[in-house]
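Spelled out from the first residue to the last, the chains are:
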Amino acid sequence: MTSSLPGFLFAIPFFAAIVIPVVGFTNQKLCRPIALGALVFLSIVSVIGLSEAISHGPLSHEFGGWAPPIGIEWVIDGLSGLLMVAISVVSLIALVHAGPLVEKELSGRVIPFYSLSLLLIAALGGMVLAGDLFNLFVFLEIGSLASYVLVGVAGGRSLLSAYRYLILGTIGASLYLLGVGYFYAETGTLNMADMALRLPDVLDSRAVLTGLIFIVLGLSIKMGLFPLHGWLPDAYTYAPDSCTPLLASVVTKVPLYAFVRIAFWVFGMATVTTQIPILVVLGWVGAVAAIVGAYRAIWQENFKRMLAYSSVSSMGLIMLGFSLGTETGFAGGLFYLLADTLMKAALFGVAGAASYQYGASTVTDLARLRRNMPWVLAALVISALSMVGIPPTAGFFGKWHLVVGALEAEKYFAVVAILVTSMLTALYFFRMFQRVWAEESLPLVEPHVLETPFPIKMSLGVLTFWIIALGLGSDLVMGLIFESVIPKGF
Amino acid sequence: MIQPLDSVIVHTLTRVITPVIQLFALYVLIHGHDSPGGGFQAGTLFAASVILPIIAFGIQGSLSVLERRAIILGGIGILLFAGIGLLPLILGGEFLNYGKLPIPGMEASARRHWGILGIEIGVTITVAATAVSIYYSLRERGEGEEK
């Protein structure tokens, strides 16, 4: 029974994504309960999957009963189990948060919103669980198509950014597929475990090198890694507020996961640092991305655009962590990935709440939160402190482990990059706080403003709770990562 | 709604061709897994056999409602596919392992045969319904511009 868990993890959101339009056209009110029910179920199953994978080792599901490497294999191990739990829990919270926003912003498009969100979640699950490179491509494309539509679902200005995202995302996917083609030509297999066995014999071949470069470029576009992040700021700024918490928190993290899977599991640590030193290059790219992203964020007036540049910066930090080549660095990168998933969901959630209540979009507008929405403001403060890296939040421990990893690896440029990024992050968040508290010219009472809807308050509360809990329980999570996630070869 | 075309040649030919297309679609569907063809091809043929009479004879009713019905039908097709895939998974096998389908009194190879036909029917329904819904959607835009 447990070996069928990967199948269920995909089938639950996928089924719900199809049932929603079939049922929804007759009774639109049923969309939300079906979506949330499916996600609750998904979260439970993914927690079971993670605990099974930790206690009994990786679970593999062979589709159609055909044995790998010829058949298609899906695997839950420590890494994919952890990512699956993060995706399902955060997307559940994001969709709870989206409820009131969808009714306001997308009143005629409730069915496409829920159906595509679940399709996106199913595809992200498929990417995380896929045990072969081609399946990963298929789900990368399904997920990307769903997110292009989610970015543009409100129409108007967002259509342009969705179109740009579509063009760049398609180029990224093509590059990835091209790279997979090179690998297949050299090794004759697509299964990741099988390819890991066959690659050492053909590492000298230029085709493998070219394929790896294509794959890294393609995935870098998808994850919005500087300097290939061109689509990201516009897409996050103009996407509907109901979609951004989901899009910003998980969609870019999963291509990064794909990169980590290929670099550390298919190629192996030793190969990507010495024989084909792609990690060394990506370490520098990550350091520059982290600093430039944070620097650009300082100058943004629009709150969502500032957060988008902050995402570029976080992506750089995570990539930097994975590229350090030490166990602590790897674990720190993964920890910061989880922390950033929560923080970005919370911050974009606050942006959504502010625009729902006041139509607020600039950093200065956020001052109005002070008057009528103290709880939302509290969530903003805590997640901002976590972004800066103030204990005891998750962001602090993430950055701490990154710095320790960088010191262990004796890569001092990384230490400097992490510290500079933290300072720049502090600069743009403190600038925001300064605007929030210094603004005096506020209207005293705003009687037409309604109470913040309960789903928004609750989801922000839960996210903030997890940001602090992940920080306080960082030893536990790091222990788990060290025990069951770290790949061989360190 | 779509106005009928005013041409005897088109009307007569449509009457003759439509059943032939549908018969050929059924052939392509049923022989899909041991000869060229399959669900996708059969689905496009079925869609053609639906769209052709609509062009020739017109159709009553709101296009957006018709489009919505076509989308629902497409969803049902995927549900058929996914349902057949999921049954073995629930019964403790693997996704799409037709050999584990609960059909009594049948050998595993025969179960695989019928299982594949089942999912091909699901694919056919979805492809046909999607193609028809695309046609409705394009036609609806065109009418909006004419007005």
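Keep in mind the model is a prediction, meaning the values are calculated, not measured. (Residues numbered from 1 in each chain as written. Chains lettered and ligands numbered in written order. Predicted model: local features only at pLDDT ≥ 70, side-chain atom pairs only at ≥ 80, totals over all residues. Heavy atoms only, no water.)

Asks: Run through the overall build of chain A, naming residues and quoting values.
Replies: On a plain count of helices and strands, chain A comes out with 21 helices and two strands. The C-alpha atoms of chain A give 21 Å as radius of gyration, which agrees with the globular expectation for 490 residues (23 Å, within 12%). Here the C-alpha coordinates of chain A stretch approximately 70 × 60 × 40 Å along the principal axes. Within the span of chain A, comprising 490 residues, buried residues form 64% of the whole. Considering only contacts within chain A whose residues lie at least 6 apart along the sequence, 80% involve residues at least 24 apart. Carbon and sulfur atoms make up 69% of the accessible area of chain A, which totals about 17,400 Å². If you average the places of the 24 positive and of the 26 negative side-chain charges in chain A, the two averages end up 11 Å apart. (Helix = DSSP H or I, 4+ residues; strand = E, 2+ residues; numbered from the N terminus. Rg over C-alpha atoms; globule rule 2.2 N^0.38 Å. Buried < 20%, exposed > 50% of the residue type's maximum accessible area, 1.4 Å probe, protein only. Contact = heavy atoms within 4.5 Å. Areas by Shrake-Rupley, 256 points an atom, 1.4 Å probe, with all protein chains shown as cover. Lys, Arg positive; Asp, Glu negative; His and termini not counted. Charge placed at Lys NZ, Arg CZ, Asp CG, Glu CD.)

Asks: Describe in detail the overall build of chain B, supporting the description with residues and values.
Replies: The helix and strand tally for chain B stands at four helices and zero strands. Written out in order from the N terminus, the α and β elements of chain B read α-α-α-α. Against the 2.2 N^0.38 benchmark of 15 Å for 147 residues, chain B shows a C-alpha radius of gyration of 19 Å, more extended than a compact globule. The burial tally for chain B puts 37% of its 147 residues in the buried class. Counting only contacts in chain B whose residues sit at least 6 apart along the sequence, the fraction spanning at least 24 positions is 67%. Computing the positive centroid from 9 side-chain charges and the negative centroid from 10, chain B places the two 6 Å apart.

Asks: Mind laying out the packing of aromatic side chains, listing which residues take part and the relevant values?
Replies: The relation between two aromatic rings is expressed through the spacing of the ring centres and the mutual angle of the planes. Residue and element names in this part refer to chain A. Applying the stated rule across the entire model yields 27 aromatic pairs over all chains. A centroid spacing of 5.2 Å and a plane angle of 70° characterise the contact between F10 and F139, whose relative ring orientation is edge-to-face. On the criterion of sequence distance, the pair formed by F10 in helix α1 (residues 5-24) and F139 in helix α5 (residues 133-152) is long-range, its members being 129 residues apart. By way of ring pairs, the aromatic residues F10, F14, F63, W74 and F139 are connected into one cluster. The ring of Y356 is capped by K104, whose NZ or CZ atom sits 5.1 Å from the centre of that ring. (Phe/Tyr/Trp six-rings, centres within 6.5 Å; stacked < 30°, edge-to-face > 60°. Lys NZ or Arg CZ within 6 Å of the ring centre and 35° of its normal.)

Asks: Explain the interface of chain B and chain A to me, using residue names and the numbers behind them.
Replies: If you look at the interface, chain B gives 18 residues, while chain A gives 17 residues. Summed over both sides, the interface between chain B and chain A buries roughly 1,500 Å², with carbon and sulfur atoms accounting for 83% of that surface. When residues of chain B are sorted by the area they lose upon contact with chain A, L79(B), L89(B) and F95(B) head the list and together hold 33% of the total. Put simply, chain B and chain A have zero salt bridges between them. The interface formed by chain B and chain A contains zero residue pairs in polar contact (both at pLDDT 80 or more). (Buried area = accessible area lost by both parts, 1.4 Å probe. Salt bridge = Lys/Arg side-chain N within 4 Å of Asp/Glu carboxyl O. Polar contact = N/O pair within 3.5 Å; in protein donor to acceptor, adjacent residues only side chain to side chain.)

Asks: Outline the packing of helix α3 (residues 78-105) of chain A against helix α4 (residues 110-129) of chain A, listing residues and values.
Replies: In helix packing, the relevant descriptors are the interaxial angle and the interaxial distance, both defined with respect to the helix axes. Residues and elements named next belong to chain A. Running from N to C, α3 and α4 point in directions that differ by 170°, and their axes come no closer than 10 Å. The pairing of α3 with α4 is recorded here as roughly antiparallel in orientation. Here α3 contributes S80, L83, M84, I87, S91, L95, A98, G99 and V102 to the contact with α4, which in turn contributes V110, F113, Y114, S117, I121, L124, G125, V128 and L129. Of the residues that constitute the contact of α3 with α4, the class distribution is 13 nonpolar, five polar and no charged. (Axes fitted to C-alpha atoms, helices over the stretch in contact; angles between N-to-C directions. Parallel < 35°, antiparallel > 145°, perpendicular 65-115°, else oblique. Nonpolar A, V, L, I, M, F, W, Y, C, P; charged D, E, K, R; others polar.)

Asks: Please give an account of the confidence of the model for chain B that cites residues and values.
Replies: All names here are of chain B. Overall, the prediction assigns chain B a mean pLDDT of 85, with 97% of residues at 70 or greater. For chain B, the element scoring lowest by mean pLDDT is helix α4 (residues 108-146), at 84; helix α1 (residues 8-30) scores highest, at 92. The ipTM value of the predicted complex is 0.83, and its pTM value is 0.91. (pLDDT = per-residue confidence, 0-100.)

Asks: Provide a residue-level description of the pairing of strand β2 (residues 73-76) of chain A, including the pertinent values.
Replies: Residue and element names in this part refer to chain A. What you see with β2 is no split at all: E73 and V75 on one side and W74 and I76 on the other are buried throughout. Where strand β1 (residues 59-62) lies against β2, four bridges are found, and the strand directions are antiparallel. When the sheet's bridge partners are listed, L59 is paired in β2 with I76. (Pairing = 2+ DSSP bridges.)

Asks: Tell me about α1(A), and please be specific about residues and values.
Replies: All names here are of chain A. For α1, with 20 residues, the first-to-last C-alpha span of 28 Å sits near the 28 Å given by 1.5 Å per residue. Considering bend angle alone, the principal kink of α1 is centred on A11 and spans about 25°; proline P13 follows within four residues of it. The buried fraction of α1 is high, at 16 of 20 residues. (Expected span 1.5 Å × (residues − 1). Bend = angle between axes of the 7 residues up to and from the residue.)

Asks: So, the side chain of S249(A): which residues are in play, and what are the values?
Replies: All names here are of chain A. Take S249: it is sitting in helix α10 (residues 244-251). Residue S249 is classed as buried on the basis of its relative accessible area, which comes to 0%. For S249, the side chain forms a polar contact with the main-chain oxygen of L246, separated by 3.3 Å.

Asks: An account of a nonpolar patch on the surface is requested, with residue identities and associated values reported.
Replies: Residues and elements named next belong to chain A. Taken together, the side chains of L145, Y163, L166, I167 and I171 make up a nonpolar region of the molecular surface, amounting to roughly 440 Å² of accessible area. In terms of residue count, helix α6 (residues 157-187) provides more of the nonpolar patch than any other element does, four residues in total. With respect to the element layout, I167 can be found in helix α6. Accessibility expressed as a relative area gives 38% for I167, which makes it partly exposed. (Patch = residues over 30% accessible without salt bridge, like charges linked within 9 Å, V, L, I, M, F, W, Y side chains within 5 Å.)

Asks: A description of α6(A) should follow, citing residues and the corresponding values.
Replies: Between its terminal C-alpha atoms α6(A) stretches 45 Å, which fits the 45 Å expected from 31 residues at 1.5 Å a residue. Following α6(A) by one or two positions, G188(A) has its phi on the positive side, about 75°.

Asks: Break down the environment of S205(A) for me, citing the residues and quoting the values.
Replies: Residue and element names in this part refer to chain A. With respect to the helices and strands, S205 occurs in the loop between α7 (192-198) and α8 (206-223). Here S205 falls in the buried class, since its relative accessible area comes to 18%. Here the alpha-carbon distance between S205 and T271, two residues 66 residues apart in the chain, equals 13 Å. Looking at S205, its side chain comes within polar contact range of the main-chain nitrogen of A207, at 3.1 Å.

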